[in-house]
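Architecture and fold: a report
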Amino acid sequence: MHKEKELIFEMSRPGRVAYNLPELDVPEVDVTSLLPQHLIRETPAELPEVSELQLVRHYTELSRRNHGVDNGFYPLGSCTMKYNPKINEDVARYAGFAHIHPYQPDESVQGALEVMYNLQQDLAEITGMDAVTLQPAAGAAGEWTGLMMIRAYHESRGEANRTKVIVPNSAHGTNPASATIAGLETITIPSNDRGLVDIEALRAAVGPDTAALMLTNPNTLGLFEEDIVEMAQIVHEAGGLLYYDGANANAILGIARPGDMGFDVVHLNLHKTFTGPHGGGGPGAGPVGVKEILIPFLPAPIVAQREDGSYYMDSERPQTIGRVKGFNGNFGILLRAYSYIRTMGADGLRKVSEYAVLNANYMMRRLATAYHLPYDVVCKHEFVLSGIRQKKQGVRTLDIAKRLLDFGYHPPTIYFPLIVEECLMIEPTETETKETLDEFIDVMLQIARECEETPEIVQEAPHTTVVKRLDEATAARKPILRYTKEV
Amino acid sequence: MRYRYLPQTDQDKREMFEALGINSIEELFTDIPKEVRFPRELNISEALNEVDHVRYFSALSNKNANFTTHVNFLGAGAYQHYIPSTVNHMLLRGEFFTAYTPYQPEISQGELQAIFEFQTMVCEMTGMEVANSSMYDGATSTAEAAMMAAGHTNKARVVVSGAVHPEYRDVLTTYAAGQSVEVVTVGYTQAGVTDLAALEASVTDGTGAVIVQYPNFFGSIEDLAAIKKIAADKGALFIVASNPVALGVLEAPGKLGADIVTGDMQPFGIPVSFGGPHCGYFATTSKLMRKMPGRIVGQTKDEEGKRGFVLTLQAREQHIRREKATSNICSNQALLALAASVTMTALGKQGVQEMAMMNLQKAHYAKQALANTAGLEVVFNSPTFNEFVVKLPKPVKDVNTALLNAGIIGGYDLGLDYPELANHMLIAVTELRTKAEIDTLAQELEAIVRA
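Note that the coordinates shown come from a computational prediction; the quantities given were computed from them, not determined experimentally.

1. Describing the overall build of chain B
Counting its secondary structure elements, chain B contains 13 helices and 15 strands. Dimensions of chain B, computed from the C-alpha atoms along their principal axes, are close to 80 × 55 × 50 Å. Looking at chain B residue by residue over its 451 residues, the buried ones come to 68%. Sequence separation of 24 or more characterises 72% of the internal contacts of chain B that already satisfy a separation of 6 or more. Taken together, the 37 basic and 49 acidic charged side chains of chain B have centroids lying 2 Å from each other.

Right, dumping it as structure tokens:
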């Protein structure tokens, strides 16, 4: 049985340190002469007191209790868990990038501004858009930024009544949540039996109150919305705009561009498609590209180039929706994305999408022998399976996911999208070898056999992890959200 | 060209094509209508081999004046501090930085426990009862707090001090526009702190939140207890955006009546990095726990009774509640929260006090030195932490250009945001500045303003 891991606070002993600051080299002044008594802290924060080796062992041990892409296969659908290049981490740590201040004079940070400018240009070309803001910190922030611009656009045309955002029922949860915080209302429309947007439902939903249609293409089932041109026409004729959720952009690099499909706004998740990394939950970066009609509303500032070739921050944007994040966005992630683009180039990025799609189709075809494939057509970079056959054997998709842990895999996304029962959403990405795919497929086939023959092995999984299944209900009912020292 | 991130060999492709019954990859893209197929190659920056890549990015990096080539006195919301070398080593463990949100707790106990410890440290520093796992940055965290307060109190009006970071206020204004919340800004006094009389006049029964910064944008320390009283009298929540390093010496906002404490953990172990990624933090009371945005980690037990950690209170979040969620936030700044945790662990109980005290002492020394420099005037007489305001006889932009030539990154030009503070420079002095560097700054400034 695995041991319980101590908290860092439980390792603390008064007097131990893991830091070494210089001696004070200015005359020391009594603190009470600098601060009024009532503003001086009475009780110090109870932070741990450990040695440097203790610190290193603690976090190393925590890391060993964590699974990342570096550890093994991580086919978490919609999250594009591809390889995070080491060189990107090196570049992000160069002193001229890591140790510069956003308020330095423009002339002293030309290299950083050049990175941002080039990235803006490249992302505009990749998405087929006319301009790009790099400010949003993540995909959801990009969605909200895009919707705020759409709202400002309609208001500028005297159409403040356009408040409805149409979202398919297969959409990411952030889409409707972003609509709400942009002050807009969500209308959910159904998908048809082919897993695509129901065109007639869309036609019925649009009207003089339509602000936008939000769409992921390929959608969360991994299927390309084949009727996209007609959909764009329906929305545009009704006076609405089209928003592209770029979470699935890994399928279309150099193959199809949202701008050419009729989209007016697009966000990209640089931590997904452009190798972020994911960081255990972030940081992300969610740049937003727009067509010309929306350029006046972009968040300020954006990076611009003077005739002499130098770069500057352009803050003169009278119709801007304002600032959506402090400073220059998540610059370090923007830099990593640009580093990735400079590794792959145009030919490389197209191959990324081709191989992402090839890997996904290969897995889908082989897994369909043992799992129900609800949409039996060519998929893009990801696909969904349903565990309904296994459910009849008393095994839930959650159990299958937990069983995968015993084999050293991170499971697929489960129970999403909501429209597929017992859903498993699998995204292999292009950076995995065929051997890895084959090994995973073999394990999935073995688990399918276990569901028939020895279902309890699956139902009781995981068997090998540092903890067994955790009591999430009690965690939510009686929340313990911090350590408290026992006295 | 071959690509080191793409492992597919010709043989792999042949075998996969065969399994799929296709002859080319093109057959997998027939579902994309011809009229939207991209007909040419993308016109983007060209690919570089690894050797040229390093050369190219090194050259770009070298174009930037940075903290290793120049002595830095710029702060204004992003600060250069001591970063223990352990921090980077722990962050570079692939198990942390190549993982995503810990959806599968059994193989994510490391990240989950690290976040649980982070939440605890945030609570300890701020004096609050609960904290989340991080927000994008201090600006968005503060804006989300304001929206949460407006929603909770059902009062669509927030009052913010004009001495709060201008970008925090800008982001707040953008969020507020989305949710039809009115933002009222009140001024500051000759002492460089929030004008309490104006604040009292602005806070009405319809006000959902009062927002101040601690220390404020000018580096001055607000009287939180007095402001709390004004907020509480009208039933408004009290939001304090706080620099966590300062809390090593300043009384915790939680002890002075804050309902929500926000800010940025950047000063604890996170490089300034041209403004991001940093790490917003968010702490509040147990009472408001279920209104909090963002991911939260909770302690629980596994089937064998062993302690473990899970994402919890997810019924607030977008993937469950969709349009009714408390926020749309999904990805956060987890890796930077880890950086802050490692740093707070390295500094520990003693180190955070020592570091805060050094900032206080060195900034005080610098303030005295510049006050005694001919041509300069230190304005605002409130107590300060590690930043203060100096009035110059010349435009700050020109002075900074001259300082840059002397190998110094000068302070922030307050005239950019406050027209009445033209020629006023906000100067940051952290524990990293030596007495010699401070003395040099004073000499250079004296020479520049005299010239």
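2. Observations concerning the pattern of salt bridges
On inspection of all chains with the given rule, the structure shows 53 salt bridges over all chains. Here R151 of chain A and E155 of chain A are joined by a salt bridge, their closest N and O atoms 3.1 Å apart. In this pair, R151 of chain A and E155 of chain A are both assigned in helix α6 (residues 139-156), 4 residues apart and thus about one turn of the helix distant. Judged by relative accessible area, which is 40%, E155 of chain A ranks as partly exposed. Of the charged contacts in the structure, one is a salt bridge between K164 of chain A and E185 of chain A, with a shortest N-O distance of 3.6 Å. Of this pair, K164 of chain A sits in strand β2 (residues 164-168) while E185 of chain A sits in strand β3 (residues 185-189), placing them 21 residues apart in sequence. Each of D347, R350, K351 and E354 of chain A together with E41 of chain B takes part in salt bridges that share partners, so that together they form one network.

3. Points about the domain arrangement of chain A
All names here are of chain A. Domains assigned within chain A are domain 1 (8-64), domain 2 (88-343) and domain 3 (352-472). When each unit is reduced to the centre of its C-alpha atoms, the spacing between domain 2 and domain 3 is 31 Å. With 23 residues of domain 2 at the contact, the number on the domain 3 side is 21 residues. Buried area between domain 2 and domain 3, summed over both chains or domains, comes out near 1,500 Å², and the portion from carbon and sulfur atoms is 64%. Joining domain 2 to domain 3, the criterion identifies 0 salt bridges. Taken together, domain 2 and domain 3 are joined by 6 residue pairs in polar contact (both at pLDDT 80 or more). Classifying every residue of the side of domain 2 that touches domain 3 gives 11 nonpolar, 10 polar and 2 charged.

4. Quick look at the sheet that holds strand β14 (residues 412-413) of chain B
Residues and elements named next belong to chain B. The strand order β11-β12-β15-β14 describes an open sheet built from 4 strands, whose pairing is antiparallel. Taken across any chain shown, the strands that pair with only one partner, and hence form the sheet edges, are β11 (377-379) and β14. Here strand β12 (residues 387-391) runs beside strand β15 (residues 424-428); their pairing, made up of 5 bridges, is antiparallel. Bridge assignment links F388 to a residue of β15, and that residue is I427.

5. A closer look at the domain arrangement of chain B
Residues and elements named next belong to chain B. When its domains are assigned, chain B resolves into domain 1 (71-82 + 350-450) and domain 2 (86-342). Taking only C-alpha atoms, the centre of domain 1 and the centre of domain 2 are 28 Å apart. In this complex, domain 1 contributes 30 residues to the contact, which on the side of domain 2 involves 28 residues. Between domain 1 and domain 2, the buried area comes to about 2,200 Å², and carbon and sulfur atoms account for 66% of it. It is F380, F385 and Y418 in domain 1 that bury the most area against domain 2; as a group they hold 28% of the surface buried on that side. Our count for the domain 1 to domain 2 interface comes out at 0 salt bridges. Joining domain 1 to domain 2, the criterion identifies 8 residue pairs in polar contact (both at pLDDT 80 or more). Those elements that place two or more of their residues in the side of domain 1 that touches domain 2 are α11 (334-371) and β12. Take the side of domain 1 that touches domain 2: its biggest share by element is 7 residues, from α11. Grouping the amino acids of the side of domain 1 that touches domain 2 by side-chain chemistry returns 18 nonpolar, 9 polar and 3 charged.

6. Thoughts on the environment of Q80 of chain B
All names here are of chain B. In this fold, Q80 is placed in the loop between β1 (71-72) and α3 (85-91). Considered as a pair, Q80 and N381 are 301 residues apart in the sequence and their alpha carbons are 25 Å apart. Within the local environment of Q80, its side chain forms a polar contact with the side chain of N72, the two groups lying 3.3 Å apart.

Cut-offs and rules
- Every chain is numbered on its own, with residues counted from 1 as its sequence reads.
- Both sets of labels track the order of writing: A upward for chains, 1 upward for ligands.
- Only residues with pLDDT of at least 70 are given local features in this predicted model, and only at 80 or more are side-chain atom pairs given and counted; all residues enter the totals for whole chains, interfaces and linings.
- Computation of side-chain values covers all heavy atoms of the structure but excludes hydrogens and water.
- Each helix is a run of H or I in the DSSP string that is no shorter than four residues. Each strand is a run of E no shorter than two, and both are numbered from the N terminus.
- Residue exposure (1.4 Å probe, protein chains only): buried if accessible area is under 20% of the type maximum, exposed if over 50%, otherwise partly exposed.
- Residues count as neighbours in contact if any of their non-hydrogen atoms are within 4.5 Å of one another.
- Within this scheme the basic residues Lys and Arg register as positive and the acidic residues Asp and Glu register as negative, but His and the chain ends are omitted.
- Lys charges are placed at NZ, Arg charges at CZ, Asp charges at CG and Glu charges at CD.
- By convention in these notes, a salt bridge is any Lys or Arg side-chain nitrogen within 4 Å of a carboxyl oxygen on Asp or Glu.
- Throughout, the edges of the domains are those of an automatic or database domain assignment.
- Each of two parts loses accessible area, computed with a 1.4 Å probe, when they are put together; buried area is these two losses added.
- Within 3.5 Å is the distance limit for a polar contact, defined as a pair of N or O atoms, with the added protein rule that one can donate a hydrogen and the other accept it, and that residues adjacent in sequence qualify only through two side-chain atoms.
- Throughout this entry, Asp, Glu, Lys and Arg are counted as charged residues, while Ala, Val, Leu, Ile, Met, Phe, Trp, Tyr, Cys and Pro are counted as nonpolar. The remaining residues, Gly among them, count as polar.
- A pair of strands is considered paired only if DSSP assigns at least 2 bridges between the two.

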